[in-house]
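Architecture and fold: a report
The residues making up each chain are set out below.
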Amino acid sequence: LKWLQAEHGLDDVDPYMEEVHPADLSPWITDEHAAAARELGLRFASTLFVDDVLQYLLPFRDLGGMVVHVSTLDSQAPLIPRIKDLRELASIIYPQESRR
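These figures come from a predicted structure and were not determined experimentally.

Some words on the overall build of the protein
Along its length, the protein carries 6 helices and 3 strands. Listing each helix as α and each strand as β along the protein from the N terminus yields α-α-α-β-α-β-β-α-α. Expected size for 100 residues packed as a compact globule is a radius of gyration near 13 Å; at 17 Å, the protein overshoots this value by more than 25%. Each principal axis of the C-alpha distribution contributes one length, and for the protein these read about 50 × 40 × 20 Å. Counting over 100 residues, the protein shows a buried share of 21%. For the protein, the exposed surface amounts to about 7600 Å²; the carbon and sulfur share of it is 56%. Taking the average place of the 9 positive charges on the side chains of the protein and the average place of its 17 negative ones, the gap between the two points comes to 15 Å.

Written as structure tokens, this is what we have:
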């Protein structure tokens, strides 16, 4: 985003952000998509989705998937584990190993 602002004079970032990070993800994650994933034998509950954009995680979590939010901010969404760095991901994936 900073590159677009500096190199191409992007001043109004709201339309750009809505285009690349839409609030409504329902056109991309639908019940049909979920059914097509179960036909392939994939299970949301056995898939981990890690991202730094919380709004991408919420629909996947709502479908039953496991999610982890990567963020350095102190606030976090309820019921979504947060890590500040990908190196912390092992403690989420293997919690029993991190207690040793």
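Now that the structure is up, let's keep going.
Observations concerning the pairing of strand E1 (residues 48-51)
Examined bridge by bridge, E1 and strand E2 (residues 66-70) share 4 bridges and lie parallel to one another. Of the residues in E2, the one forming a bridge with Val50 is Val68. Once you follow E1 into helix H4 (residues 54-62) and on to E2, the crossover reads as right-handed.

A look at the nonpolar core
Counting residues in each nonpolar core, the largest one holds 8 residues, listed as Ala34, Ala37, Phe44, Leu57, Phe60, Val67, Ala77 and Ile80. Elements represented by at least two residues in this core include exactly helix H3 (31-39) and H4.

Some thoughts on the pattern of salt bridges
Applying the stated rule across the entire model yields 2 salt bridges. Measuring nitrogen to oxygen at the nearest pair gives 3.1 Å for the salt bridge that ties Arg61 to Asp62. For Arg87, the salt bridge identified is with Asp85, shortest N-O distance 2.8 Å. A relative accessible area of 72% means that Arg87 is categorised as exposed.

Let's talk about the environment of Thr47
Following the sequence through the fold, Thr47 ends up in the loop between H3 and E1. For Thr47, a relative accessible area of 32% corresponds to the partly exposed category. Considering only alpha carbons, one finds Thr47 and Ala23, 24 residues apart in sequence, at a separation of 23 Å.

Looking at a nonpolar patch on the surface
A surface patch of nonpolar side chains, about 420 Å² in accessible area, is lined by Leu48, Met66, Ile92, Ile93 and Tyr94. Relative to the assigned elements, Ile93 resides in helix H5 (residues 89-93).

A short note on the packing of aromatic side chains
In total, this model carries 2 aromatic pairs according to the counting rule given. When the centroid spacing of 5.4 Å and the interplanar angle of 70 degrees are considered together, the rings of Phe44 and Phe60 count as edge-to-face. Of this pair, Phe44 sits in the loop between H3 and E1 while Phe60 sits in helix H4, and the two are 16 residues apart along the sequence. In this structure, Phe44 and Phe60 share a single accessibility class: buried. Chaining the aromatic ring pairs together yields one cluster made of Phe44, Phe49 and Phe60.

About the thresholds
Residues numbered from 1 in each chain as written. Predicted model: local features only at pLDDT ≥ 70, side-chain atom pairs only at ≥ 80, totals over all residues. Heavy atoms only, no water. Helix = DSSP H or I, 4+ residues; strand = E, 2+ residues; numbered from the N terminus. Rg over C-alpha atoms; globule rule 2.2 N^0.38 Å. Buried < 20%, exposed > 50% of the residue type's maximum accessible area, 1.4 Å probe, protein only. Areas by Shrake-Rupley, 256 points an atom, 1.4 Å probe, with all protein chains shown as cover. Lys, Arg positive; Asp, Glu negative; His and termini not counted. Charge placed at Lys NZ, Arg CZ, Asp CG, Glu CD. Pairing = 2+ DSSP bridges. Right-handed = clockwise from strand over helix to strand, strands pointing away. Core = buried A, V, L, I, M, F, W, Y, C linked by side-chain atoms within 4.5 Å. Salt bridge = Lys/Arg side-chain N within 4 Å of Asp/Glu carboxyl O. Patch = residues over 30% accessible without salt bridge, like charges linked within 9 Å, V, L, I, M, F, W, Y side chains within 5 Å. Phe/Tyr/Trp six-rings, centres within 6.5 Å; stacked < 30°, edge-to-face > 60°.

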